[in-house]
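# Descriptive structure summary
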Amino acid sequence: MKFKLTALEKHWILYDVGNSAFVLLIATILPIYFNYLADMEKIEPSVYLAYWGYAISVSTLIVAVLGPTLGAIADTKNFKKRLYSAALVIGVVSCVLLGTTSSWMIFLIIFVIAKTAFSTSLVFYDSMLTDVTTEDRMDSVSSHGYAWGYIGSCIPFVICLVIVLNAEKLHLSMKTAMLIAFIITAVWWLAASVPLLKSYRQVYYADAGTHVVKRSFSRLAGSLKEIYHEKKIFFFLLAFFFYIDGVYTIIDMSTAYGTSLGLDSTGLLLALLLTQIVAFPCALIFGMLSKTISSALLIRICIGAYLCIALYAVGLDSQADFWVLAVLVGMFQGAIQALSRSYFARIIPADKSGEYFGLLDICGKGASFFGTFLVSLISQITGSPSAGVGSLAVMFLIGFLLFGKAETINTMSS
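## Section: the overall build of the protein
A count of helical and extended segments in the protein gives 15 helices and zero strands. In the protein, which comprises 414 residues, the share counted as buried stands at 58%. For the protein, the accessible surface area stands at approximately 16,200 Å², while carbon and sulfur atoms represent 70% of it.

Shown next as structure tokens:
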């Protein structure tokens, strides 16, 4: 039978379409623009990758600390939409503000705020999955979210890319062209979020009572104790920490990595656009495969593929190599994220989805912090970005082994 999405599921998926435009901007044009600002202020090119990596690390560390607490508060009746809306507004406004400064340092500060707000909104958004669909549809709905997010984000990105690359022909300064790009991205992000804001209703929640924050901390403490005894959740979180490290680090630093190797900026942007296009059908295919093949096996396949991708990236030294890398990443990027999200949603209590996804965010964003910091640090110490990228292969291997342990426990407890 043909899989048909409900209206609420479509509205939920639309937020992936909206926020993915910001993700693509971060992964492509933003690092190049930061390099432009840094060059204007005579910042040494050798430390460009490190500055960018440290900024990403700071934002992800903040979210890793705030995520579980805000997630626990979001599980309180009528709080999830409010917190989601606040994070959305801060992210959208900060996105616009990125185009208003010429200072590389102020730009990085605003970027940290924007990325923190964006990442925080995902804690609430991901936890909404239990409210918008049923358990048997989670893999497909989650996969549709990432798939349409990838292809939908291409629309504002292509418009922004045309404006930025043709700024001189359009008689625009680089700063003005980038401001227009930031505004387009922010408007797209906000507009795609409106349907979910209007239709979402929190189904699973904890009673508000009094002292919401205090009660939320108490529930969070209880959940941490539960996770220690629920080994399937505990080992999955450990596995997720390691394997998602490489995924997020590759997403966040691919353009910066290519630039540091001296590859053509335009070619890098077009290659990453290809990643989005390839990711669209591949995410949908993995979603369909999950109906006949266990999501656990599919996740293992994706982790193994990323291990090979990390090893391939170590020897990357040409534009053609980067294009091959872009295709390979596109094949598995959406699948591993979507299936991990739905797999986790199925093994946690639905009425605690906010705090549990907040804890998942600790592992995800904590891993991203570790990954970007590690790549930046090793790149500086060795003078070789390839050496930093090589460390990600080890993270995938550890994640693969730990996920196998988690699935064994999950199978035995079922």
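## Description of the side chain of Thr-116
Along the chain, Thr-116 turns up in helix H5 (residues 104-127). Within the local environment of Thr-116, its side chain forms a polar contact with the backbone oxygen of Val-112, the two atoms lying 2.6 Å apart. Contact partners of Thr-116, with chain neighbours within four places excluded, come to Ser-59, Ile-62 and Val-63.

## Some details on the packing of helix H1 (residues 7-27) against H5
As a packed pair, H1 and H5 sit with axes 12 Å apart at the nearest point and diverge in direction by 155°. The angle between H1 and H5 falls in the class roughly antiparallel. In terms of crossing hand, the pair formed by H1 and H5 is left-handed. Every residue of H5 that contacts H1 at Trp-12, Ile-13, Tyr-15, Asp-16, Asn-19, Phe-22, Val-23 and Ile-26 is listed here: Phe-111, Ala-114, Lys-115, Phe-118, Ser-121, Leu-122 and Tyr-125.

## Notes on the packing of aromatic side chains
All chains considered together, the criterion is met by 24 aromatic pairs. Seen in terms of ring centroids, Tyr-343 and Phe-403 are 5.5 Å apart; in terms of plane orientation they differ by 55°. Their pairing is tilted. Taken as a pair, Tyr-343 in helix H13 (residues 319-347) and Phe-403 in helix H15 (residues 385-413) lie far apart in primary sequence, 60 residues in all. Grouping residues by exposure puts Tyr-343 and Phe-403 together as buried.

## A few points about the environment of Ile-309
Position of Ile-309 relative to the elements: it lies in helix H12 (residues 295-314). Expressed as a C-alpha distance, the spacing of Ile-309 and Leu-328, which sit 19 residues apart in the sequence, is 7.0 Å. Aside from chain neighbours lying at most four places away, what touches Ile-309 is Leu-325, Leu-328, Val-329 and Phe-332.

## Points about the pattern of salt bridges
Close approach of charged atoms allows side chains of opposite charge to pair. One pass over the full model with this rule turns up six salt bridges. Its salt-bridge partner being Arg-341, residue Asp-126 comes within 2.9 Å of it at the nearest N-O pair. A residue pair is termed long-range when its members are at least 10 positions apart, and Asp-126 in helix H5 and Arg-341 in helix H13 qualify at 215 residues. An identical accessibility class is assigned to Asp-126 and Arg-341; each is buried. Arg-346 is the salt-bridge partner of Asp-139, the closest N and O atoms lying 3.1 Å from each other. Of this pair, Asp-139 sits in helix H7 (residues 138-165) while Arg-346 sits in helix H13, placing them 207 residues apart in sequence. You can call Arg-346 partly exposed: its relative accessible area is 25%. Each of Asp-16, Asp-126 and Arg-341 takes part in salt bridges that share partners, so that together they form one network.

## Side note on unusual backbone geometry
Even without glycine at this site, Asn-78 takes up a positive phi of about 70°. On the secondary structure map, Asn-78 appears in the loop between helix H3 (48-74) and helix H4 (80-97). One non-glycine residue with positive phi stands out, namely His-171, at about 60°.

## As for the packing of helix H2 (residues 29-40) against H5
Running from amino to carboxyl end, H2 crosses H5 at an angle of 155°, the nearest separation of the two axes being 9 Å. Overall, the two elements H2 and H5 adopt an arrangement that is roughly antiparallel. Between H2 and H5, the contacting residues are Leu-30, Tyr-33, Phe-34, Leu-37 and Ala-38 on the first element and Trp-104, Phe-107, Leu-108 and Phe-111 on the second. Its residues placed into classes, the contact of H2 with H5 shows nine nonpolar, no polar and no charged.

## Thoughts on H2
A rise of 1.5 Å per residue sets the reference length of H2, with its twelve residues, at 16 Å; its end C-alpha atoms lie 17 Å apart and thus fit the reference within 8%. Regarding H2, the residues found buried are Ile-29, Leu-30, Pro-31, Tyr-33, Phe-34, Asn-35, Leu-37 and Ala-38. Lys-42 occupies a position one or two residues after H2 and carries a positive phi of about 65°.

## Considerations on the nonpolar core
Counting residues in each nonpolar core, the largest one holds 112 residues, and the members touching the most others are Phe-236, Tyr-243 and Phe-344. Broken down by element, this core gets its largest block of residues, 13 residues, from helix H10 (residues 231-260). Each residue touching Phe-236, except ones within four places of it in the same chain, is listed here: Tyr-243, Ser-340, Tyr-343, Phe-344, Ile-347, Leu-360, Phe-403 and Ala-406.

## A word on H7
Compared with the 40 Å implied by 1.5 Å per residue over 28 residues, the 40 Å span of H7 between its first and last C-alpha is a close match. The largest bend in H7 amounts to roughly 30° and is located at Ile-155, with the proline Pro-156 lying one to four residues further along. Within H7, 21 of the 28 residues are buried, which leaves it mostly tucked inside the rest of the structure.

What counts, and at which threshold
Residues numbered from 1 in each chain as written. Predicted model: local features only at pLDDT ≥ 70, side-chain atom pairs only at ≥ 80, totals over all residues. Heavy atoms only, no water. Helix = DSSP H or I, 4+ residues; strand = E, 2+ residues; numbered from the N terminus. Buried < 20%, exposed > 50% of the residue type's maximum accessible area, 1.4 Å probe, protein only. Areas by Shrake-Rupley, 256 points an atom, 1.4 Å probe, with all protein chains shown as cover. Polar contact = N/O pair within 3.5 Å; in protein donor to acceptor, adjacent residues only side chain to side chain. Contact = heavy atoms within 4.5 Å. Axes fitted to C-alpha atoms, helices over the stretch in contact; angles between N-to-C directions. Parallel < 35°, antiparallel > 145°, perpendicular 65-115°, else oblique. Left-handed = near helix turned anticlockwise from the far one by under 90°. Phe/Tyr/Trp six-rings, centres within 6.5 Å; stacked < 30°, edge-to-face > 60°. Salt bridge = Lys/Arg side-chain N within 4 Å of Asp/Glu carboxyl O. Nonpolar A, V, L, I, M, F, W, Y, C, P; charged D, E, K, R; others polar. Expected span 1.5 Å × (residues − 1). Core = buried A, V, L, I, M, F, W, Y, C linked by side-chain atoms within 4.5 Å. Bend = angle between axes of the 7 residues up to and from the residue.

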